[in-house]
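Letter by letter, the chains look like this.
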Amino acid sequence: MNTSIDLDSTLFSGQTFAWVKQNGVYEAVVDKNLVSFTPESFDSLLQKHEALRHYFDMDWEYGKAESYLACLDDHLARAVKAFKGLHILNQDPWEVLMAFLLSQNNNIKRIRSMYERLSQELGTHVEGVWYAFPRPQELLGISESDLRRLGMGFRAPYLLDAIQNHEVLSGIADLGDDEASRALQTIRGVGPKVASCILAFAYHRRQAFPLDTWMLKVMQKHYPGRDASYFAPYAALAQQYLFHYERTQGGLL
DNA sequence: GGCCAGGCCCCAG
DNA sequence: CTGGGGCATGGC
């Protein structure tokens, strides 16, 4: 039978900028391969490519987490009802680091286009219009002015520092959440929010709780005086639900 | 055509 | 350590 993942809310809730959907077909480059599927072919895709089960996080306790969060309060109940099946992907840490360096003082539309631009201009061709996001090794020769020419603006030095210090990522998996966050923040342009995005979306840290402008509004409105611990042990999933719900429903009520 | 955006840096107090 | 200005660029 079909899996319980909700593809639209999973792929278009701002945790990844790699996917497009056209005529019911989802497409992106994942790990140097073009992945292309429809909701009908999703199950067979997973059977064929075992690694994608992990990418889509198919084997985590979503049923349990959804029930828990839906019972926590009315607002979460609505968000979970609206987007039940929202998964948190297991993305490549390097790509998440770069994507969320792009995200600061920016909007999702433009983050997507900047991410796509880096892929097309600096990444390896896969097929058709598709390019893989460039690996750090492919970017070693690049300069700040190169990045500015590509429209990266004031984020160019941040991207450059990430390129030069990408080895920080190799140690993150072994660290606890707080230590990992601190280590990530040694990269220029990575603060608490970007670090928590990397931990949530690339390292499966379920207590990470990215607080951006949208989430600050949500917390003020619906959870005054509370913090991530209120949503434990499912803070990251709660955050993703609340963020997406706020952005799409305009935070009604 | 201004306004503003999944923050962070930097510099005052 | 807290607060506030500045930041490149383009979508709206």
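Scroll up a little and you will see the structure.
Right, let's walk through the structure included here. (Residues numbered from 1 in each chain as written. Chains lettered and ligands numbered in written order. Predicted model: local features only at pLDDT ≥ 70, side-chain atom pairs only at ≥ 80, totals over all residues. Heavy atoms only, no water.)

## Description of the overall build of chain A
We count it as follows: Each helix is a run of H or I in the DSSP string that is no shorter than four residues. Each strand is a run of E no shorter than two, and both are numbered from the N terminus. Here's how the labels work: a residue is buried when its accessible area is under 20% of the maximum for its type, exposed when over 50%, partly exposed in between, all with a 1.4 Å probe on protein chains only. Only heavy atoms enter the contact rule, under which two residues are in contact if any of them lie within 4.5 Å. To measure how exposed things are, a 1.4 Å probe is used in the Shrake-Rupley method; for residues, cover is taken only from the protein chains shown. His residues and chain termini do not enter the charge count, which takes Lys and Arg as positive and Asp and Glu as negative. Lys charges are placed at NZ, Arg charges at CZ, Asp charges at CG and Glu charges at CD.
On a plain count of helices and strands, chain A comes out with 14 helices and five strands. Counting only C-alpha atoms and orienting by the principal axes, one finds that chain A spans roughly 50 × 45 × 35 Å. Looking at chain A residue by residue over its 253 residues, the buried ones come to 50%. When contacts within chain A are restricted to residue pairs at least 6 apart in sequence, long-range pairs at least 24 apart make up 65% of them. On chain A, roughly 12,200 Å² of surface is accessible, and the fraction owed to carbon and sulfur atoms is 50%. One way to put it: in chain A the 25 positive side-chain charges average out to a point 6 Å from where the 30 negative ones average out.

## With respect to the sheet that holds strand β1 (residues 20-22)
For clarity, the cut-off: Strand pairing is defined by DSSP finding a minimum of two bridges between the two strands. Between N-to-C directions, angles span 0 to 180 degrees; the directions come from axes that are lines fitted to C-alpha atoms, helices contributing only their stretch in contact.
Pairing in this open sheet of three strands is antiparallel, and the strands run β1-β2-β3 from one edge to the other. Both edges of this open sheet fall to β1 and β3 (33-37), since each of them pairs with a single strand only. Pairwise comparison of adjacent strand axes, ignoring direction, gives a mean angle of 25° for this sheet. The sheet contact formed by strand β2 (residues 25-30) and β3 spans five bridges and is antiparallel. Looking across to β3, one finds that Y26 is bridged to F37.

## A few points about the protein's contact with DNA strand C
Here is the rule we go by: Here a residue counts as near a molecule or strand whenever at least one of its heavy atoms sits within 4 Å of it. For this analysis, a polar contact is any N or O atom pair within 3.5 Å, provided that within protein one partner can donate a hydrogen and the other can accept it, and provided that sequence-adjacent residues contribute only side-chain to side-chain pairs. Throughout, the ten residues Ala, Val, Leu, Ile, Met, Phe, Trp, Tyr, Cys and Pro are labelled nonpolar, Asp, Glu, Lys and Arg are labelled charged, and all others, Gly among them, are labelled polar.
In the neighbourhood of DNA strand C, the contacting residues comprise N105, K109, R110, R148, G151, G153, F154 and R155. Backbone atoms, meaning sugar plus phosphate, form 55% of the atoms of DNA strand C positioned within 4 Å of the protein. Between DNA strand C and N105 there is a distance of 2.6 Å, counted from a base nitrogen to a side-chain nitrogen or oxygen. Separating a sugar or linking oxygen of DNA strand C from a backbone N or O atom of F154 is a distance of 3.1 Å. Considered class by class, the residues forming the surface near DNA strand C number one nonpolar, three polar and four charged.

## Thoughts on the protein's contact with DNA strand B
What surrounds DNA strand B is a group of 27 residues, the closest being G14, N106, N107, R188 and Q239. Among all atoms of DNA strand B positioned within 4 Å of the protein, those belonging to sugar or phosphate total 65%. Measuring from a phosphate oxygen of DNA strand B, one finds a backbone N or O atom of G189 at 3.1 Å. Among the secondary structure elements, those contributing two or more residues to the surface near DNA strand B are α12 (192-202), α13 (213-222) and α14 (235-249).

## Here we look at the environment of L216
When you line up the elements, L216 lands in helix α13. Spatially, the C-alpha atom of L216 lies 9.7 Å from that of F243, the residues being 27 residues apart in sequence.

## Re the nonpolar core
To be explicit about the condition: For the purposes of this section, nonpolar cores are sets of buried Ala, Val, Leu, Ile, Met, Phe, Trp, Tyr and Cys residues that join through side-chain atoms within 4.5 Å.
One finds W19, F37, F56 and F231 to be the most contacted residues of the largest nonpolar core, which totals 87 residues. Excluding anything up to four places from it in sequence, F37 contacts L7, L11, W19, G24, V25, Y26, F42, L45 and F56.

## Comments concerning unusual backbone geometry
The omega torsion across A232 and P233 is 0°, close enough to zero to call that bond cis. Assignment of secondary structure puts P233 in the loop between α13 and α14. We note that D57 has phi near 55°; this positive angle belongs to a residue other than glycine. With respect to the helices and strands, D57 occurs in the loop between α3 (50-55) and α4 (62-70).

Fair warning: the whole summary comes from geometry, so function is off the table for now.
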